[in-house]
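# Coordinates in review
Listed below are the residues making up each chain.
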Amino acid sequence: VQLVESGGGLVQAGGSLRLSCAASGRTFSIYSMAWFRQAPGKEREFVAAISWNRVSTNYADSVKGRFTISNDNANNMVYLQMNSLKPEDTAVYYCAAAGRVADAARNQYNYWGQGTQVTVSS
């Protein structure tokens, strides 16, 4: 499975961005997908996850009510709509995929994208 993120950029605090992740290859093996982020000098942290059949979603407390994860199975896409952005949301955002039920634990995900930079100015 190959994952390619897009949609990052520079935005002012309070603004919005929509990240996209395109999956290709053995996509039939995907059960869960997620977004993680990593700020400079910090560990990579969980942001949101979704089961491929859209039955369940899961969010980090820091983004609940502001971010929404969704997917388009027909086109093998996953999205992260980010609203009310804050400077502390600045990070490289990574798309991840797992071949089983997965949630916030990074080691549950087998496949990773190269990341897209999100910068929120104050």
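These notes cover the structure that comes with them.

About the thresholds
- Once a new chain begins, its residue numbering starts again from 1 and follows that chain's sequence as written.
- Local features are withheld for residues below a pLDDT of 70 in this predicted model, meaning they are given only at 70 or higher, and side-chain atom pairs are given and counted only at 80 or more; totals for whole chains, interfaces and linings count all residues.
- To obtain the side-chain values, all non-hydrogen atoms of the structure were included, while hydrogens and water were left out.
- For two strands to be treated as a pair, DSSP must find at least two bridges joining them.
- Going along the chain from the N terminus, every DSSP run of H or I of four or more residues is numbered as a helix, and every run of E of two or more is numbered as a strand.
- To obtain each axis, a line is fitted to C-alpha atoms, and for helices this fit is confined to the stretch in contact; angles are then taken between N-to-C directions over 0 to 180 degrees.
- Remark: nonpolar core denotes a set of buried residues (Ala, Val, Leu, Ile, Met, Phe, Trp, Tyr, Cys) joined through side-chain atoms within 4.5 Å.
- Classification of residues uses two cut-offs on accessible area relative to the type maximum, computed with a 1.4 Å probe and protein chains only: under 20% is buried, over 50% is exposed, and between them is partly exposed.
- Cysteine sulfurs are considered disulfide-paired once they come within 2.5 Å of each other.

## Examining the sheet that holds strand β1 (residues 2-6)
Taken together, the four strands give an open sheet; going across it, the order is β1-β3-β8-β7, and neighbouring strands pair in antiparallel fashion. In this open sheet, the two edge strands, each paired with only one partner strand, are β1 and β7 (67-72). Ignoring which end each strand starts from, the neighbouring axes of this sheet average 15° apart. Sheet topology note: the strand β3 (residues 17-24)/strand β8 (residues 77-82) ladder contains six bridges and is antiparallel. Along β8, the bridge assignment pairs L19 with L80.

## With respect to the nonpolar core
Membership of the largest hydrophobic core comes to 38 residues, with the highest contact counts inside it found for M33, W35, L80, M82 and Y93. At the level of elements, β3, β4 (32-38), β5 (45-51), β7, β8, β9 (91-98) and β11 (116-121) are the ones that each hand at least two residues to this core.

## Some words on the pairing of β9
Burial within β9 is extensive, with seven of its eight residues counted as buried. Of the pairings in the sheet, the one linking β4 to β9 comprises seven bridges and is antiparallel in character. In the sheet register, F36 faces β9, and the bridge partner there is Y94. Sheet topology note: the β9/strand β10 (residues 111-112) ladder contains two bridges and is antiparallel. Bridging across to β10, A97 finds its partner in Y111.

## Some remarks on the state of the cysteines
Taken as a whole and assessed by the stated rule, the structure comprises one disulfide. A sulfur-sulfur separation of 2.1 Å characterises the disulfide bridge that pairs C21 with C95. Every disulfide takes its handedness from the sign of the S-S torsion; for C21 and C95 that torsion is -80°, giving left-handed. Taken together, the positions of C21 in strand β3 and C95 in strand β9 put the pair 74 residues apart, joining distant regions of the chain.

Read these as geometric descriptors, not functional statements.
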